Amino acid sequence: MSGKKFRFSLHDVLELRRHQAERAEQDLARAYRDRQAQESALEAAERRLHELAHRTPTSGVADLVSLRQLAAYRLDAQRAAQAEAQTLERLRREEAQAKRALVLKRRPEEALAILRDDEHSAHRKAADDAESAFLDEQAVVAHCRKQREAA
């Protein structure tokens, strides 16, 4: 098969779209890791809160000061758990946004890849057709030459 080598005219645009999609994938991976880390932090905060909720003052007699300290520890743990939960919700929203961004970045890349494949197929078909036409012409010329020589 002879002829010109295939060159996709929008190759640079396709590479740019591919790079943007890869960056969106990296953003999604980072958002996923951040969410997982935050889920672990929330679990730790909830374990701490659970431990404090079931703790009693260490001394045999519960005095007012130790009860207030324990209540303050519990309140701080509860606030920390709530803050971790709010952060987790924010990170979940960010992860969902990163997923949507990835889908939006993939669409143009996929469209360009399909266009490239279609153009490449058309290029190969045209080259095959040109080669077939050349071989047919050669066969006709050879046939005509044999008929002239026979006559």
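To be clear, the structure that these remarks concern was listed above.
Residues numbered from 1 in each chain as written. Predicted model: local features only at pLDDT ≥ 70, side-chain atom pairs only at ≥ 80, totals over all residues. Heavy atoms only, no water.

Colleague: Give me the lowdown on the overall build of the protein chain, citing residues and values where you can.
Modeller: What the protein chain contains, in helices and strands, is 2 helices and 0 strands. For the protein chain, whose C-alpha radius of gyration is 35 Å, the value lies well above the compact-globule estimate of 15 Å for 151 residues. For the C-alpha atoms alone, the extent of the protein chain along its principal axes is close to 130 × 25 × 15 Å. Scored against the burial criterion, the 151 residues of the protein chain give a buried share of 17%. Intrachain contacts of the protein chain at a sequence separation of at least 6 include 86% that bridge at least 24 residues. Total accessible area on the protein chain stands at roughly 11,500 Å², and carbon and sulfur atoms take up 53% of it. Looking at the protein chain, you have 29 positive and 27 negative side-chain charges, and the mean spots of the two groups are 3 Å apart. (Helix = DSSP H or I, 4+ residues; strand = E, 2+ residues; numbered from the N terminus. Rg over C-alpha atoms; globule rule 2.2 N^0.38 Å. Buried < 20%, exposed > 50% of the residue type's maximum accessible area, 1.4 Å probe, protein only. Contact = heavy atoms within 4.5 Å. Areas by Shrake-Rupley, 256 points an atom, 1.4 Å probe, with all protein chains shown as cover. Lys, Arg positive; Asp, Glu negative; His and termini not counted. Charge placed at Lys NZ, Arg CZ, Asp CG, Glu CD.)

Colleague: Can you lay out the nonpolar core for me, pointing to particular residues and giving the numbers?
Modeller: Counting residues in hydrophobic clusters, the biggest one holds 5 residues: Ala 24, Leu 28, Ala 31, Ala 98 and Leu 102. When residues of this core are traced back to their parent elements, those giving at least two are α1 (11-53) and α2 (64-150). The element that contributes the greatest number of residues to this core is α1, accounting for 3 residues. In contact with Ala 24, not counting residues within four places along its chain, are Ala 101, Leu 102 and Lys 105. (Core = buried A, V, L, I, M, F, W, Y, C linked by side-chain atoms within 4.5 Å.)

Colleague: So what's going on with the pattern of salt bridges? Which residues, and what values?
Modeller: The tally for this structure, following the rule as stated, stands at 12 salt bridges. The partner of Glu 25 in a salt bridge is Arg 106, and the shortest N-O contact between them spans 1.8 Å. In this pair, Glu 25 sits in helix α1 while Arg 106 sits in helix α2, placing the two residues 81 residues apart along the sequence. Glu 25 sits in the partly exposed class, given a relative accessible area of 35%. (Salt bridge = Lys/Arg side-chain N within 4 Å of Asp/Glu carboxyl O.)

Colleague: Outline the side chain of Arg 106, supporting the account with residue identities and numerical values.
Modeller: A distance of 2.2 Å separates the side chain of Arg 106 from the side chain of Glu 109, its partner in a polar contact. Not counting chain neighbours up to four residues away, the residues in contact with Arg 106 comprise Ala 21 and Glu 25. (Polar contact = N/O pair within 3.5 Å; in protein donor to acceptor, adjacent residues only side chain to side chain.)

Colleague: Kindly report on the packing of α1 against α2, identifying the contributing residues and their values.
Modeller: At a minimum axis separation of 7 Å, α1 and α2 run at an interaxial angle of 165 degrees. Judged by the angle between their axes, α1 and α2 are roughly antiparallel. Seen from above, α1 lies across α2 with left-handed handedness. The residue makeup of the contact of α1 with α2, split by class, is 26 nonpolar, 4 polar and 18 charged. (Axes fitted to C-alpha atoms, helices over the stretch in contact; angles between N-to-C directions. Parallel < 35°, antiparallel > 145°, perpendicular 65-115°, else oblique. Left-handed = near helix turned anticlockwise from the far one by under 90°. Nonpolar A, V, L, I, M, F, W, Y, C, P; charged D, E, K, R; others polar.)

Colleague: So what's going on with α1? Residues and values would help.
Modeller: In this model α1 runs 62 Å from its N-terminal to its C-terminal C-alpha over 43 residues, within 8% of the 63 Å that 1.5 Å per residue would give. Among all positions in α1, only Leu 14, Ala 21, Ala 24, Leu 28, Ala 31, Arg 35, Gln 38, Leu 42, Ala 45 and Leu 52 are buried. If you follow the buried residues of α1, they end up packed against α2. (Expected span 1.5 Å × (residues − 1).)

Colleague: Give a detailed account of a nonpolar patch on the surface, specifying residues and quantitative values.
Modeller: Nonpolar side chains collect at one region of the surface, where Leu 10, Val 13 and Leu 115 lie side by side and expose about 190 Å² of accessible area between them. If you trace the backbone, Leu 115 turns up in helix α2. On the accessibility criterion, Leu 115 (34% relative accessible area) is partly exposed. (Patch = residues over 30% accessible without salt bridge, like charges linked within 9 Å, V, L, I, M, F, W, Y side chains within 5 Å.)

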